[in-house]
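Examination of the molecular architecture
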Amino acid sequence: RPKKLLVFINPFGGRRKGPKIFDKKVLPIFKAANCTIESITTQKANHARDIILDQNFPLCKYDGVICVGGDGMFAELLNGTILRTQVQSEVNYDSISSSLKQPNIAIGVIPAGSTDAVAFSIYGGNDPITAVLHIVLGNKLNIDVNAVHSAKEKKLLRYATSFIGYGFFGDVIADSEKNRWLGVRRYDWSSFKKILTHRAYQGDLNI
């Protein structure tokens, strides 16, 4: 079971309930399980990732890093820990032929986002109490990670776990980021706008 955890709290994601979920539902369970918690409330996009990527930050003193947020916050932790591991191992992560090193630290997600796709795939739902109980019990699950590279620029773009969008779906996700104030309704609004454009997409898929 983990003894010391670093928790990142997203105050902007979903319905902005991350801090309340942490204080009312998550922290009491951590205390009852005798877990030492250090929490950071993020202030901007990629705040958590940048902290993890700082080689002077003592990440090794924690048994795991946890996010209270949605899929975007989980993606920050995922990219930060994988990239930090490759830098420390002197692996060229921009090369698609490189063999990546697996991070030694576990990542946990306590759902507080709009869709919580990662939480649903791991826990089967988006109940924060269920998530924190799995964490304090030390339950672990290996998941597949995709690496998205740019063939033109010959560099890594990002790592992803839940989904990768292209064409209509990608445009909807990109547009929805401009309307986060709408909450989960932003996906319906962005989809409606993109349908009206009747845009066609082309591409080649090589397997």
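On a predicted model such as this, the values are computed, not experimentally measured, just so you know. (Residues numbered from 1 in each chain as written. Predicted model: local features only at pLDDT ≥ 70, side-chain atom pairs only at ≥ 80, totals over all residues. Heavy atoms only, no water.)

1. Notes on the sheet that holds strand 4 (residues 106-111)
We apply this condition: For two strands to be treated as a pair, DSSP must find at least two bridges joining them. Comment: elements are numbered from the N terminus, with helices defined as DSSP H or I runs of at least four residues and strands as E runs of at least two. In this analysis an axis means a line fitted to C-alpha atoms, helices contributing only their contacting stretch, and an angle means the value between N-to-C directions, from 0 to 180 degrees.
If you walk across this open sheet you meet the 4 strands as 2-1-3-4, and the pairing is parallel. Since the sheet does not close on itself, it has two edges, and those belong to strand 2 (36-41) and strand 4, each with one partner. Geometrically, the sheet is characterised by an average inter-axis angle of 20 degrees between neighbouring strands, direction not taken into account. Relative to strand 2, strand 1 (residues 4-9) runs parallel, the two being bridged by 6 bridges. Note on strand 2: the bridge partner recorded for Leu-6 is Glu-38.

2. A look at the side chain of Asn-10
The line we're drawing: Whether a residue is buried, partly exposed or exposed follows from its accessible area with a 1.4 Å probe, protein chains only, as a fraction of its type maximum: under 20%, in between, or over 50%, in that order. Contacts: residue pairs with any heavy atoms within 4.5 Å of one another.
Inspection of the secondary structure assignment puts Asn-10 in the loop between strand 1 and helix 1 (18-32). Overall, the relative accessible area of 13% leaves Asn-10 in the buried class. Apart from residues no more than four positions distant in its own chain, Asn-10 is found in contact with Gly-18, Pro-19, Thr-42, Val-68, Gly-69 and Met-73.

3. Brief notes about the confidence of the model for the protein
Definition in use: Per residue, pLDDT captures the predictor's confidence, and it can take any value from 0 to 100.
Within the protein, residue pLDDT values average 90, and 100% of them lie at 70 or more. Per-residue pLDDT, averaged within each element of the protein, yields its smallest value for helix 6 (residues 168-176) (81) and its largest for strand 1 (98).

4. Notes on the pairing of strand 3 (residues 64-69)
The condition that has to hold: Consider the strands pointing away from the viewer: the crossover is right-handed when the path from the first strand over the helix to the second runs clockwise.
By the criterion of burial, strand 3 is predominantly enclosed, with 6 of the 6 residues buried. Here strand 3 shows a buried face lined by Gly-64, Ile-66 and Val-68 and a second buried face lined by Val-65, Cys-67 and Gly-69. Here strand 1 runs beside strand 3; their pairing, made up of 5 bridges, is parallel. Bridging from a neighbouring strand, Leu-5 pairs with Gly-64 of strand 3. Sheet analysis places strand 3 next to strand 4, joined by 6 bridges and oriented parallel. Bridged to Cys-67 within strand 4 is Val-109. One crossover worth recording links strand 3 to the parallel strand 4 by way of helix 3 (residues 71-88), and it is right-handed.

5. So, a nonpolar patch on the surface
Condition: The patches reported here contain residues having more than 30% relative accessible area and no salt bridge. Joining distances are 9 Å for like charges and 5 Å for nonpolar side chains (Val, Leu, Ile, Met, Phe, Trp, Tyr). Computed by Shrake-Rupley with a 1.4 Å probe, the accessible areas treat only the displayed protein chains as cover when residues are assessed. We define a salt bridge as a side-chain nitrogen of Lys or Arg found within 4 Å of a carboxyl oxygen belonging to Asp or Glu.
Nonpolar side chains collect at one region of the surface, where Phe-163, Phe-168, Phe-169 and Ile-195 lie side by side and expose about 370 Å² of accessible area between them. Looking at the secondary structure, you find Phe-163 in the loop between strand 6 (155-160) and helix 6. Its relative accessible area of 40% is what places Phe-163 among the partly exposed residues.

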